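Chain by chain, the residues:
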Amino acid sequence: MQSRMAKRLQKDLEQMQKSYADQFNVRMPNNDIKHWIVAFEGAKGTLYQGEKFELQFKFSNEYPIESPEVIFIGKPPEHEHIYSNGFICLSILFDEWSAALTVSSVCLSIQSMLSSATKKMKPPNDAEFVKRAAGRGPKSFLWSYHDEKC
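Cut-offs applied
Residues numbered from 1 in each chain as written. Predicted model: local features only at pLDDT ≥ 70, side-chain atom pairs only at ≥ 80, totals over all residues. Heavy atoms only, no water. Helix = DSSP H or I, 4+ residues; strand = E, 2+ residues; numbered from the N terminus. Expected span 1.5 Å × (residues − 1). Buried < 20%, exposed > 50% of the residue type's maximum accessible area, 1.4 Å probe, protein only. Contact = heavy atoms within 4.5 Å. Pairing = 2+ DSSP bridges. Axes fitted to C-alpha atoms, helices over the stretch in contact; angles between N-to-C directions. Phe/Tyr/Trp six-rings, centres within 6.5 Å; stacked < 30°, edge-to-face > 60°. Arc of directions from axis to C-beta. 1 Å grid on protein atoms, 1.4 Å probe; cavity = no way out; pocket = protein on both sides within 12 Å on 5 of 7 lines; lining within 4 Å. Points joined across faces, edges and corners; volume = space filled by probe spheres on them. Nonpolar A, V, L, I, M, F, W, Y, C, P; charged D, E, K, R; others polar. Core = buried A, V, L, I, M, F, W, Y, C linked by side-chain atoms within 4.5 Å.

Focus on helix α2 (residues 103-115)
Alright, step 1. In this model α2 runs 18 Å from its N-terminal to its C-terminal C-alpha over 13 residues, within 8% of the 18 Å that 1.5 Å per residue would give.
Alright, step 2. Every buried residue of α2 is accounted for by Val103, Ser104, Val106, Cys107, Ile110, Gln111, Met113 and Leu114.
Alright, step 3. Elements in contact with the buried residues of α2: α1 (4-19), β2 (35-41), β3 (52-58) and β4 (69-73).

Comments concerning the sheet that holds β2
Alright, step 1. Read across the open sheet, the four strands follow the order β1-β2-β3-β4; overall the sheet is antiparallel. Edge positions in the sheet fall to β1 (25-27) and β4, since each of these pairs with one other strand and no more. Ignoring strand direction, the axes of neighbouring strands in this sheet form an average angle of 25 degrees.
Alright, step 2. Relative to β2, β1 runs antiparallel, the two being bridged by three bridges. The residue bridging Val26 from the neighbouring strand is Val38, located in β2.

A look at the packing of aromatic side chains
Alright, step 1. In the structure shown here, the tally under the stated rule is 12 aromatic pairs.
Alright, step 2. Ring geometry for Phe59 and Tyr63: centres 4.9 Å apart, planes at 65 degrees, overall edge-to-face. By the burial criterion, Phe59 is buried, and Tyr63 matches it.
Alright, step 3. A connected cluster of aromatic rings, assembled from ring pairs, spans Tyr20, Phe24, Phe40, Tyr48, Phe53 and Phe72.

Re helix α3 (residues 126-133)
Alright, step 1. For α3, every residue scored as buried is listed here: Asp126, Phe129 and Ala133. Across the axial projection of α3, the buried residues extend over an arc of 70 degrees, all falling on one side. Seen from the open side of α3, the exposed residues pointing more than 90 degrees away from its buried face are Ala127 and Lys131.

Points about the layout of surface pockets
Alright, step 1. In this structure, the second largest pocket occupies an estimated 150 Å³ of space.
Alright, step 2. The element contributing the most residues to the lining of the second largest pocket is β2, with three residues.
Alright, step 3. A class-by-class count of the residues in the lining of the second largest pocket yields five nonpolar, five polar and three charged.

Quick notes on the nonpolar core
Alright, step 1. Formed by 33 residues in total, the largest nonpolar core has its most connected members in Trp36, Leu55, Phe57, Phe72, Ile88 and Ile110.
Alright, step 2. Among the elements of the structure, α1, β2, β3, β4 and α2 are those that each provide at least two residues to this core.
Alright, step 3. Broken down by element, this core gets its largest block of residues, six residues, from α2.
Alright, step 4. Discounting chain neighbours no more than four positions away, the residues touching Ile88 are Leu55, Val70, Ile71, Phe72, His81, Leu93, Phe94, Ile110 and Met113.
Alright, step 5. Within the second largest apolar cluster, six residues are counted, among which are Ile71, Phe129, Ala133 and Phe141.

Brief notes about the environment of Phe129
Alright, step 1. Position of Phe129 among the secondary structure elements: in helix α3.
Alright, step 2. Measuring from C-alpha to C-alpha, the distance between Phe129 and Phe87 comes to 9.9 Å, with 42 residues separating the pair along the chain.

Concerning the pairing of β2
Alright, step 1. For β2, the tally of buried residues reaches five of seven residues, placing the bulk of the element in the interior.
Alright, step 2. Across seven bridges, β2 lies against β3 in antiparallel orientation. Looking at β3, one finds that Phe40 is bridged to Phe53.

This is the structure:
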């Protein structure tokens, strides 16, 4: 019998392939349902237009009750809520997660966050945070949100 996590991920994958295939490309390294790479481009008319990005999603057995771990891999966008190590300061990935959220809604939220940027800049504490975060995942931190875009 398929677990709740596997059923939900299959549903999320079908939604991504059916409704968002023109925006997001999903692949699963080693055919592992718990590890997704989602490729996308910055939206037209934004600071990130045409730039290519990849998000890594890692799902626990508790998904969708527990949020996935989501980070940028490769070169992350220069954005005030995205650290150079790929960690993303976005409330729905942590405190404001809801089981009603899907992979596509997370991707759309991240794309929207990028689209609303008015200038490219790293978080003010980027260098210090990245040094402190070495060897740790984003869920090992208590995040604080300083504005409504995070």
